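# A closer look at the structure
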Amino acid sequence: MTPHTEQVLEFGVVRDELVASCRSTEAAAALRNAVFFTETTKLAHHLEIVGEAERRLRTHSDPRGHFPDIEEALQLLAVEGSVLDEPDIAEVTSYILAAGSLVHELRTEDADCPRFRLLIHELLGEVEVPVRAASGIRRHFDPTGRFDPDTVPELKELATTLRRLQSDISRSAGVLMRDSSTQEMWTSDQPTQRDGRTVLPLNADHRGRLQGIVHELSATGRTVFIEPPELLTLNNERMEAESRLRHAMSAKLREFCGILRGLLPELAPVREAVAELDLLLAKGEYAVRHNCIIPEISPDGGGLRLIGARHPMLGSGAVPIRVEIDSDTRALIVSGPNTGGKTVTLKTIGLFVLMHQFGLPVPADPGTSLPVFQSVGADIGDEQSISASLSTFSGHIRAISDILAHVGSQSLVLLDELGAGTDPEDGASLATALLEHFIEVGALCILTTHLGALKSLAFTHNAIRNASMEYDQAALAPTFRVVSGVPGSSHALEIAARNGLPGEIVQRAESIRREGRTELDQVIADVLSLREKTQKEADLAEQERNKYLALSEALNERERELERRELELRKGRVTELEEFAAESRRRLEQLVRELREAEITKEKTQEARRFATETQDRIDEEKHAYHQKHDELLKHERANRLPVNYEQQLTAPLTPGVHVRLLPEGKQGVLVRKNRDGSWIVSVGALRLSCRAEHLQPMQAPTKGGQKSAAERGGRVPAYEYDTGAPTSLRASTEIDLRGQSLNEAISELERQLDACLVAGLCSFSVIHGVGEGVLQKGVRAYLRDRPEVEDVAYARPEHGGFGKSIVSLRNN
């Protein structure tokens, strides 16, 4: 990046703004002398730290304090035996304290910016700021940088004596001047100082009336500055006290300088750290101020993409531009109207490349990516020079010659109005040759032009692309937006008319233009018309797509609402059935107990039969109501829900142990048994549901680890094993058979079953213990009642085992 490139791209303005943001002269000097990054790895690391600095500044206050310029003070301090002035000593210590505060704050743990803290640790390494020594010296100086002797015990007494003597002198002088016998002798009512001594302003006409030493006459000769005998002794004592204090303070300042001289080796890395930290934070501050982002780094040979790029010097008036150049394109030709933004676009691209490789975020939107170039050459603006006898064309050629001397495969070349300033045919030929040369060496070239011959190159060369600056035909004004893939017209006549050229001249020019309209002009017009038509079709397609997405989302929401309603219905029905079953179980147990404890009478038998009939009738009513609501929901579901692709249906018959899918919700379960009314009891998780056969779809049994299903193992399927992924010893079953086991063996089996139920989330299970002599029955039920996780232990219904089987209900935790 040559100084000429920086100048034409106005990078100096950006650099100056960064320098103004620095708090230390070290960082300002580093920025002025900084070079551009050309190694991708180093650039990426630097940008990462700058990005973290920006992030921290957006959430925290700026940690930088005031860093005075101490370069000259340190140079003098390096001379053995030298003593700095009081303000210089104060500034050196202030610098050290500010550095210590900055380093400490950035090293401190920060939950919001942990990555920044880690990067700062890597950057600072073992740098230590001698804060304690500097603080011990700085406390002896006031905010203005003056040494305060009262902060040193041995100097405080001298300073106190000096102040007392000065007070005595002032009091004595006041007594003399207020004496009624001498009041008319003074030309002023206040004493003054001459050579450090207090004197009185005596009127020359009264010179003989007062004894004393004359120090000076006024310019007019009317005032004699005299030191009366009453002040002579006091002045002498004050001068002596002042001399003693001055010598003592000089000795102390020499001591301070000796301490600071010993810190010089430590200050060198501290100043380097301050410069680096200040520089990073200045870049972060710039990024916050201009709303910048860290661009992605395109791989070697990759393209260039600017999204929402805003030239930082145009402020809020900048029109964001979008420029995309893929890796196969080596030249972009930008055409369009004058004052349409071609040159600004060219400068924005070049400036962004320089800012990026300077380690600075760019004011653009996310998705922006830039390659790393080894050199950037730019020829923008009028290079005419009268003093150097250079015409506009000659000036451009000289600038391009300098670019040719440095161009390579990883170069960016920016050329404004290439081929202008001479005969259009010759200019186009020369521009074409230059463009082909830049492509051959592998450079990326971006140029602006009005020459039709250059615009047509994009139609015959694969590595060249056209772009244009959009022009609003209705408003007859440029929009400053870049249109990729389309060459642009100059719209010179429209712009001339808008800027006041007489209408008859514009109309005549329009007539001449129509007669000499070239084939390329017609191609451009056709392409622009086709682009406008394609854009309208794309907008219409996008509108239809949005409508479809909105409809799809509405249908999905309706499906989710139906599922919620179905779940609420099922939960309500299950709760009602559970309450009914519990009440029926309690009443049955009461009847059984009464039958066992009392004589079996005809009335008792009739009551038991009546209970069984009522219970069955209630169960049939509940089933009918549930199936009726389920059928209504199914019909509504099939009419409104989006299509669902279920697994391929099986033709296997419905038998106990077969795995089925419950329609329409798609839940999976296992058939337990068939009811008398043709419906089926299905085990679904911890629940048992009654479902009609038409709502059940047989499916392949899920196999795991080569295990066989219950139906494949043979026999009836009284219980369902819940596979939770736990070991086999912790696999829960809805029913266990303890017959033939001793009481200890049965209790061990119950412990295993209870643990497995907790793992599987099973809320109830049944235990077959038989009746026999009642030992196993009583022991099992007593053990279960004592277990804290058991809610209730009840006998099964007579047709399901009666007193030989217990139903265990677990607590819901």
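## Focus: the overall build of the protein chain
Each helix and strand in the protein chain was counted, giving 22 helices and 25 strands. A total of 813 residues make up the protein chain; the buried ones form 43% of that total. Carbon and sulfur atoms make up 51% of the accessible area of the protein chain, which amounts to about 43400 Å² in all.

## Some remarks on the side chain of Arg330
When you line up the elements, Arg330 lands in the loop between β7 (321-325) and β8 (331-335). Aside from chain neighbours lying at most four places away, what touches Arg330 is Ile439, Gly442, Ala443, Leu444, Cys445 and Ala463.

## Remarks on the environment of Ile325
Along the polypeptide, Ile325 turns up in strand β7. Along the sequence, Ile325 and Ser484 sit 159 residues apart, while their C-alpha atoms lie 9.1 Å from each other. Every residue in contact with Ile325, bar those within four places of it in the chain, is listed here: Gly303, Leu304, Leu332, Leu444 and Ile446.

## Digging into the packing of aromatic side chains
Across all of its chains, the model carries 8 aromatic pairs by this definition. Here the aromatic rings of Tyr795 and Phe803 are separated by 4.9 Å at their centres, their planes lie at 80°, and the arrangement is edge-to-face. Accessibility expressed as a relative area gives 19% for Tyr795, which makes it buried. Assessed through its relative accessible area of 28%, Phe803 is described here as partly exposed.

## Things to note about the pairing of strand β15 (residues 659-662)
In the case of a regular strand, side chains alternate between the two sheet surfaces. Residues His659 and Arg661 of β15 are buried on one face, and the alternating residues Val660 and Leu662, pointing to the opposite face, are buried as well. Direction of pairing for β15 relative to strand β16 (residues 667-674): antiparallel, over a ladder of 4 bridges. Considered in β16, the bridge of Arg661 is made with Gln668. Here 3 bridges tie β15 to strand β19 (residues 696-698), and the two strands are oriented antiparallel to one another. Within β19, the residue paired with Arg661 across the bridge is Gln697.

## A few points about the packing of helix α6 (residues 86-107) against helix α8 (residues 131-138)
Interaxial distance between α6 and α8 falls to 9 Å at its minimum, and their mutual angle equals 140°. Between α6 and α8, the crossing angle belongs to the class labelled oblique. By crossing handedness, the relation of α6 to α8 is classed as left-handed. In this structure, α6 contributes Ile89, Ala90, Thr93, Ser94, Ile96, Leu97 and Gly100 to the contact, and α8 contributes Val131, Ala134, Ser135, Ile137 and Arg138. For the contact of α6 with α8, the residue count by class is 7 nonpolar, 4 polar and 1 charged.

## As for the pattern of salt bridges
Scanning the entire structure with this criterion turns up 35 salt bridges. Put simply, Arg58 and Glu54 hold a salt bridge, and the shortest N to O gap is 2.8 Å. Remark: Glu54 and Arg58 occur in helix α4 (residues 40-59); sequence separation between them is 4 residues, near one turn of the helix. Classification of Arg58 as partly exposed rests on a relative accessible area of 43%. For Glu54, a relative accessible area of 8% gives the class buried.

## Examining the sheet that holds strand β24 (residues 790-795)
Taking strand neighbours across the sheet as the criterion, the 4 strands line up as β22-β23-β25-β24 in an open arrangement whose pairing is mixed. The open sheet has two edge strands with one neighbour each: β22 (735-737) and β24. Ignoring strand direction, the axes of neighbouring strands in this sheet form an average angle of 20°. With 3 bridges joining them, β22 and strand β23 (residues 764-768) adopt parallel strand pairing. In the strand pairing of β23, Glu735 is matched with Ser766.

## Let's talk about helix α9 (residues 153-178)
Note that an α-helix has 3.6 residues per turn; residues three or four places apart therefore point the same way. If you check α9, its first and last C-alpha atoms are 38 Å apart, about what 26 residues at 1.5 Å a residue would give, namely 38 Å. Every buried residue of α9 is listed here: Leu155, Ala159, Leu162, Leu165, Asp168, Ile169, Ala173, Gly174 and Met177. Among the structural elements, β2 (197-203) and α10 (229-262) are those in contact with the buried residues of α9.

## Section: the environment of Val127
Mapped onto the fold, Val127 is located in the loop between α7 (114-124) and α8. We classify Val127 as buried; its relative accessible area is 15%. If sequence neighbours within four positions are ignored, Val127 has contacts with Arg107, Pro269, Val270 and Ala273.

## Points about the sheet that holds strand β1 (residues 192-194)
An order of β1-β2-β4-β3 is seen for the 4 strands of this open sheet, with the pairing classed as antiparallel. Here the strands that pair on one side only, and so sit at the sheet edges, are β1 and β3 (213-217). Taken over all neighbouring pairs, the strand axes of this sheet differ in orientation by 45° on average, direction set aside. Pairing of β3 with strand β4 (residues 223-227) involves 4 bridges; the strand directions are antiparallel.

## Quick notes on the nonpolar core
Counting residues in each nonpolar core, the largest one holds 51 residues, and the members touching the most others are Ile89, Val92, Ile96, Phe141, Phe147 and Leu260. Contributions of two or more residues to this core are made by α4, α5 (71-77), α6, α7, α8, α9, α10 and α11 (264-289). For this core, the element with the most residues is α6, which contributes 10 residues. When neighbours within four sequence positions are excluded, Phe147 is seen to be in contact with Glu86, His140, Phe141, Val152, Leu155, Met249, Lys252, Leu253 and Phe256. In this structure, Leu279, Ile325, Leu354 and Ile380 belong to the second largest nonpolar core, which totals 48 residues.

## Concerning the pairing of strand β6 (residues 304-309)
Burial within β6 is extensive, with 5 of its 6 residues counted as buried. Here β6 runs beside β7; their pairing, made up of 4 bridges, is antiparallel. Bridging across to β7, Leu306 finds its partner in Val323.

## Re helix α14 (residues 424-441)
With 18 residues, α14 extends 26 Å from end C-alpha to end C-alpha; this agrees with the ideal 26 Å at 1.5 Å per step. Immediately downstream of α14, the backbone of Gly442 shows phi near 90°, a positive value.

## Some details on the side chain of Arg787
For Arg787, the position within the fold is in the loop between α22 (775-786) and β24. Among the polar contacts made by the side chain of Arg787, one reaches the side chain of Tyr783 at a distance of 2.3 Å. Apart from residues no more than four positions distant in its own chain, Arg787 is found in contact with Glu751, Leu754 and Asp755.

## Looking at the confidence of the model for the protein chain
For the protein chain, the mean per-residue pLDDT works out to 80, and 78% of the residues sit at or above 70. Low confidence marks residues 384-390, where pLDDT is under 50. Its contacts with residues over four positions away, or in another chain, come to 7 contacts. Overall, residues 640-650 carries pLDDT values under 50, and its contacts beyond four positions in sequence, including any with other chains, amount to 22 contacts.

What counts, and at which threshold
- Residues numbered from 1 in each chain as written.
- Predicted model: local features only at pLDDT ≥ 70, side-chain atom pairs only at ≥ 80, totals over all residues.
- Heavy atoms only, no water.
- Helix = DSSP H or I, 4+ residues; strand = E, 2+ residues; numbered from the N terminus.
- Buried < 20%, exposed > 50% of the residue type's maximum accessible area, 1.4 Å probe, protein only.
- Areas by Shrake-Rupley, 256 points an atom, 1.4 Å probe, with all protein chains shown as cover.
- Contact = heavy atoms within 4.5 Å.
- Phe/Tyr/Trp six-rings, centres within 6.5 Å; stacked < 30°, edge-to-face > 60°.
- Pairing = 2+ DSSP bridges.
- Axes fitted to C-alpha atoms, helices over the stretch in contact; angles between N-to-C directions.
- Parallel < 35°, antiparallel > 145°, perpendicular 65-115°, else oblique.
- Left-handed = near helix turned anticlockwise from the far one by under 90°.
- Nonpolar A, V, L, I, M, F, W, Y, C, P; charged D, E, K, R; others polar.
- Salt bridge = Lys/Arg side-chain N within 4 Å of Asp/Glu carboxyl O.
- Expected span 1.5 Å × (residues − 1).
- Core = buried A, V, L, I, M, F, W, Y, C linked by side-chain atoms within 4.5 Å.
- Polar contact = N/O pair within 3.5 Å; in protein donor to acceptor, adjacent residues only side chain to side chain.
- pLDDT = per-residue confidence, 0-100.

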